[in-house]
There are 2 protein chains.
Amino acid sequence: MWLMQGTPALFTDFYELTMAQVYFAKGMRETASFEVFVRHLPEHWGFSVMAGLPEVQSYLQEFRFVAEDVAYLRSTGRFEADFLEHLAGLKLDVKIRALPEGTVFFPNEPILEVSGPILQAQLLESYLLNILGFSIIEATVAARISIAAQGIPAVDFGLRRAQGPISSIRAARGGQIAGFAATSNVFAARLLGLPPSGTMAHSFIEAHESEEQAFRDFAELHRENAILLVDTYDSVEGIKTAAQVARGFLERGIRLRGIRLDSGDLVTLSRFARTRFREQGLEFLRIVASGDLDEFKVADLLAAGAEIDGFGIGTRFAVSQHAPAIGIVYKLAQYGDRQVYKTSPEKATLPGRKTIVRMRERDFVKPFDPQAHDLLQHVEATDPMPVVRQRLADEMSRLPDAVKALRNPACYPVEFA
Amino acid sequence: MWLMQGTPALFTDFYELTMAQVYFAKGMRETASFEVFVRHLPEHWGFSVMAGLPEVQSYLQEFRFVAEDVAYLRSTGRFEADFLEHLAGLKLDVKIRALPEGTVFFPNEPILEVSGPILQAQLLESYLLNILGFSIIEATVAARISIAAQGIPAVDFGLRRAQGPISSIRAARGGQIAGFAATSNVFAARLLGLPPSGTMAHSFIEAHESEEQAFRDFAELHRENAILLVDTYDSVEGIKTAAQVARGFLERGIRLRGIRLDSGDLVTLSRFARTRFREQGLEFLRIVASGDLDEFKVADLLAAGAEIDGFGIGTRFAVSQHAPAIGIVYKLAQYGDRQVYKTSPEKATLPGRKTIVRMRERDFVKPFDPQAHDLLQHVEATDPMPVVRQRLADEMSRLPDAVKALRNPACYPVEFA
């Protein structure tokens, strides 16, 4: 059960298939355009960051109904034989326009458009939302953490508390887009070409006769890469012991990498450690902090004068504790020649396909215009990671500070024509 | 990238491997026992529900380092050749004791114990926590929703907003353990043997010339299974139209299944629909409600007199909006003959392996006693789903109402000896 083999076509809501059955039976074969957008941003978010397109692309490439998928659907007794035959032979013929990854966007702007036979485009709804929603969340939270960290490297520590393995990869990749330095998740590191990073766990210390012995054993093998975890018994004593061990290695010409603080008052402890290390000629030791950090705590720590050289960002990032889901939706904009919309309270949508034009510090969402300089671009190949990272960095440098504020951001102006 | 092939061994934190390298190099080969427990429950939770063991079992069965895993680790330059060779030949030799699935548990009680060579047991930490944490969350939230729903069926609608595909399966399975009637997630339905369930989307209505036509087209094909979504334009009008279409089918001897309300004031609308349906001899039509529901909203709706026959539970369940992560940890309890513990502030642990004895409305956590009637059992085969569902149902019937309260529950007494 752990990572399933097979095709992703059944990762869909059952109603997509029951609707598709009707489209098929009634001969509804015209082209539909569906748009993905986010209705409103979570509290304190001034912007979102586009992400997830490589996974979208794989999904579309892998999408097909294999014999066992069709056999399962037949077994439900809800589908007619000719429809099932159609599914068995179905080859996706849809076109995608999307914001390039790393692009910043705002509520109600279409971020991805699927155009194709309505039956096909309908079936893609659930899993496209699944991919895009959490990929966007993680890229956005990571961007916020990078703002808070003011250039101090952040590392993804989220695997153990992520809601699943693919979620953990979406988190690591979100961090990568926003400039995180590394991930502790070895699978993600390999897949994404990120540096793997890690220190040591409390259990490692406990498995040794003493903290000092544990530090020595670890440092002996990992040397310039060794980061010593100092809070297993008492952080102040742990810092002193780490300094003593680091001195011993320095005398042999080996500079250990640093320490990690994982509990307690990180401001006081980090300042104590910095002072101690300076006094002992160990100013090269890096002080890494971890423990329920998020963009708010990182900002607060730095504002309070913490002496931190690296942040390990785990749970609160990997599940987006503050906003574990966003109101991302997939709405029909056009069917055949007809522009469509819904009017239910607070969920009304604008009719028709759209174009987004970004002028200086203002977006314009207007009826589709193939001549416009449109933020929505046809997705052929996805951009390499350095391009995506640079795009987000450029977006961040252009975005007004008030919109980037971590709390109560200003609203970026978007005009809907 | 979508669902990766390969083995799960690299779904680990890098530090597990750097520590393992030390254990290997220093000849630390004694048996370690690690315990998984949850430090404290999220606000408003009076209990947790054990879940995730089939996934644990698959993970342990699949765990091995294949050639490409080892090649990747070599490429990091952080590991010695003899250690990599050891990994390449590693066959897991660990024993698991765990609470059976569906068992209720409380903070700081060990819920799973891994015993084996410290190197091996250490490597399993990150992914065991990943599996257990979210499986437990989803089973617990589903149990809370079932309490709130008072016997009215709930259906998992969470796929689109789940943080990943495996997360969506953990959610569907959590619902299954807690007695949910179905899932909209077709992949999960097939994998878990749950009924797939679904209604229709707004886009289906919009793709038709009129709401009435959409209802007729859908009902024509899906008949006794047809649930009509009534809020695309105006819910009151939608209910009237649905009633009119249902009357037409009734005259042909076909009883449509019902309607779905997805926005607006669900109390007023459901009562309006019930009255309308009764007046028109359509009392068989079921009224399904959806739209940002969770245990609190379900309880509030029923307390306010809503007339609802089924709940579609999506986002807030599938990501556990209220508690997207729990403080689940993996701590060394014993290494060789030595019972170990840590003393860092607010993270202190009890030493040694443990046994849990559940007496009437009280748990006792005491030093490991192989003679005791221990809640922790050796995991050989996992229980079939009907056994797990029944176990949770029994646990729920035994648990005091005050502990099951959805808000401000009483604390179940656990004594640590």
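Computed from a prediction, not measured in an experiment: that's the story for all the values here. (Residues numbered from 1 in each chain as written. Chains lettered and ligands numbered in written order. Predicted model: local features only at pLDDT ≥ 70, side-chain atom pairs only at ≥ 80, totals over all residues. Heavy atoms only, no water.)

The next point concerns the overall build of chain A. Assigned secondary structure in chain A consists of 16 helices and 17 strands. In terms of its C-alpha atoms, chain A occupies a principal-axis envelope of roughly 80 × 50 × 35 Å. Of all intrachain contacts in chain A linking residues separated by at least 6 positions in sequence, the fraction that spans at least 24 positions is 75%. For chain A, the accessible surface area stands at approximately 14700 Å², while carbon and sulfur atoms represent 48% of it. Across chain A, the 45 positively charged side chains and the 52 negatively charged ones have centroids separated by 2 Å. (Helix = DSSP H or I, 4+ residues; strand = E, 2+ residues; numbered from the N terminus. Contact = heavy atoms within 4.5 Å. Areas by Shrake-Rupley, 256 points an atom, 1.4 Å probe, with all protein chains shown as cover. Lys, Arg positive; Asp, Glu negative; His and termini not counted. Charge placed at Lys NZ, Arg CZ, Asp CG, Glu CD.)

To continue, consider the sheet that holds strand S6 (residues 154–156) of chain B. Residues and elements named next belong to chain B. Taken in spatial order, the six strands of this open sheet run S7-S6-S11-S10-S9-S8, and their pairing is parallel. Edge positions in the sheet fall to strand S7 (182–183) and strand S8 (227–229), since each has one partner strand and no second. Where strand S10 (residues 286–289) meets strand S11 (residues 310–313), two bridges bridge the pair, whose relative direction is parallel. Its bridge partner being in S11, valine 288 is matched across the sheet by glycine 310. (Pairing = 2+ DSSP bridges.)

According to the stated counting rule, one finds 26 aromatic pairs over all chains in the structure shown. Here the aromatic rings of phenylalanine 204 of chain B and phenylalanine 218 of chain B are separated by 5.5 Å at their centres, their planes lie at 80°, and the arrangement is edge-to-face. Highlighted residues: phenylalanine 204 of chain B in helix H9 (residues 202–206) and phenylalanine 218 of chain B in helix H10 (residues 211–222), separated in sequence by 14 residues. Look at phenylalanine 218 of chain B and you get buried, because its relative accessible area is 1%. A cation sits over an aromatic face here: arginine 190 of chain A above phenylalanine 187 of chain A, 5.5 Å from the ring centre. (Phe/Tyr/Trp six-rings, centres within 6.5 Å; stacked < 30°, edge-to-face > 60°. Buried < 20%, exposed > 50% of the residue type's maximum accessible area, 1.4 Å probe, protein only. Lys NZ or Arg CZ within 6 Å of the ring centre and 35° of its normal.)

All right, on to the packing of helix H11 (residues 235–251) of chain B against helix H12 (residues 266–279) of chain B then. Residue and element names in this part refer to chain B. At a minimum axis distance of 10 Å, the contact between H11 and H12 shows a crossing angle of 25°. Classed by the angle they form, the pair H11 and H12 counts as roughly parallel. In this structure, H11 crosses over H12, and the sense of that crossing is right-handed. Taking contact as the criterion, the partners of Ser235, Val236, Ile239, Lys240 and Ala243 in H11 are, on H12, Leu269, Phe272, Ala273, Arg276 and Phe277. In terms of residue class, the contact of H11 with H12 is made up of seven nonpolar, one polar and two charged. (Axes fitted to C-alpha atoms, helices over the stretch in contact; angles between N-to-C directions. Parallel < 35°, antiparallel > 145°, perpendicular 65-115°, else oblique. Left-handed = near helix turned anticlockwise from the far one by under 90°. Nonpolar A, V, L, I, M, F, W, Y, C, P; charged D, E, K, R; others polar.)

All names here are of chain B. As summarised here, the arrangement of the three strands in space is S14-S15-S17, forming an open sheet in which the pairing is mixed. On the outer flanks of this sheet lie strand S14 (354–359) and strand S17 (414–416), each paired with one strand and no other. On average, adjacent strands in this sheet sit at an angle of 20° to one another, irrespective of strand direction. Here three bridges tie strand S15 (residues 362–367) to S17, and the two strands are oriented parallel to one another. Residue pairing for S17: phenylalanine 364 is matched across the bridge by glutamate 415.

A separate point is the interface of chain A and chain B. At the interface, 110 residues of chain A touch 110 residues of chain B. Note on chain A versus chain B: buried area summed over both sides is about 9900 Å², and carbon and sulfur give 60% of it. Scanning the region where chain A abuts chain B turns up 12 salt bridges. A salt bridge links aspartate 13 of chain B to arginine 160 of chain A; its shortest N-O distance comes to 3.1 Å. By residue number, the principal contributor to the side of chain A that touches chain B is helix H1 (residues 14–25) of chain A, which donates 10 residues. Broken down by class, the residue content of the side of chain A that touches chain B amounts to 52 nonpolar, 32 polar and 26 charged. (Buried area = accessible area lost by both parts, 1.4 Å probe. Salt bridge = Lys/Arg side-chain N within 4 Å of Asp/Glu carboxyl O.)

Here we take up the relation of the copies chain A and chain B. Taken as rigid bodies, chain A and chain B are interconverted by a rotation of 180° and an axial shift of 0.0 Å, the fit giving an RMSD of 0.0 Å. Considering both components of the superposition, the chain copies are consistent with a two-fold axis. (Least-squares fit on C-alpha atoms with pLDDT ≥ 70 in both.)

Residues and elements named next belong to chain A. Where strand S9 (residues 258–261) lies against strand S10 (residues 286–289), four bridges are found, and the strand directions are parallel. Directly across from glycine 258, in S10, lies its bridge partner arginine 286. Running through helix H12 (residues 266–279), the crossover from S9 to the neighbouring parallel element S10 is right-handed. Read from S10 through helix H13 (residues 295–303) to strand S11 (residues 310–313), the crossover connection turns out right-handed. (Right-handed = clockwise from strand over helix to strand, strands pointing away.)

Where the parts come together, the accessible area they lose is often given as the size of the interface. All names here are of chain A. Domain assignment breaks chain A into domain 1 (8–137 + 330–416) and domain 2 (155–318). For domain 1 versus domain 2, the distance between C-alpha centres works out to 39 Å. Summing both partners gives a buried area of about 1300 Å² for domain 1 against domain 2, and 57% of it is carried by carbon and sulfur. Together, Phe134, Met385 and Arg389 form the three largest contributors to the area buried by domain 1 at its contact with domain 2, with a combined 41%. One salt bridge in this structure joins arginine 173 and glutamate 101, with 2.7 Å as the shortest N-O distance. The tally of links between domain 1 and domain 2 comes to six residue pairs in polar contact (both at pLDDT 80 or more). (Domains from an automatic or database assignment. Polar contact = N/O pair within 3.5 Å; in protein donor to acceptor, adjacent residues only side chain to side chain.)

As a further point, take the environment of leucine 53 of chain A. All names here are of chain A. By the element assignment, leucine 53 lies in helix H2 (residues 53–62). Residue leucine 53 is classed as buried on the basis of its relative accessible area, which comes to 6%. Here the alpha-carbon distance between leucine 53 and isoleucine 131, two residues 78 residues apart in the chain, equals 8.5 Å. The contacts of leucine 53, once residues within four sequence positions are left out, are Ala98, Leu99, Pro100, Glu101, Leu112, Val379 and Thr382.

This brings us to helix H11 (residues 235–251) of chain A. Residues and elements named next belong to chain A. Across its 17 residues, H11 extends 24 Å between first and last C-alpha, which sits within 8% of the 24 Å expected from 1.5 Å per residue. Among the residues making up H11, those that are buried are Ser235, Gly238, Ile239, Thr241, Ala242, Ala243, Val245, Ala246 and Phe249. The inward-facing, buried residues of H11 abut helix H10 (211–222), strand S8 (227–229), S9 and H12. If you check the start of H11, you find a side-chain oxygen 3.1 Å away from the backbone N of valine 236, and it comes from aspartate 234. (Expected span 1.5 Å × (residues − 1).)

On to helix H7 (residues 165–177) of chain B, then. Residues and elements named next belong to chain B. An ideal rise of 1.5 Å per residue puts 18 Å on 13 residues; H7 measures up with 19 Å between its terminal C-alpha atoms. In terms of burial, H7 is a largely internal element, 13 of the 13 residues being buried. Note on H7: the residue one or two positions beyond its end, glycine 179, has a positive phi of about 90°.

On to unusual backbone geometry, then. Residues and elements named next belong to chain B. Unlike most non-glycine residues, serine 320 shows phi in positive territory, near 50°. You can see serine 320 is positioned in the loop between helix H14 (315–318) and strand S12 (328–335). By relative accessible area, serine 320 is classed as buried at 2%.

Moving on, we get to the packing of helix H6 (residues 125–149) of chain B against helix H13 (residues 295–303) of chain B. All names here are of chain B. Packing of H6 against H13 brings their axes to within 8 Å, and their N-to-C directions diverge by 5°. Judged on the interaxial angle alone, H13 and H6 are roughly parallel. Contacts between H6 and H13 pair Val141, Arg144, Ile145, Ala148 and Ala149 from the former with Glu295, Phe296, Val298, Ala299 and Leu302 from the latter. A per-class count over the contact of H6 with H13 returns eight nonpolar, no polar and two charged.

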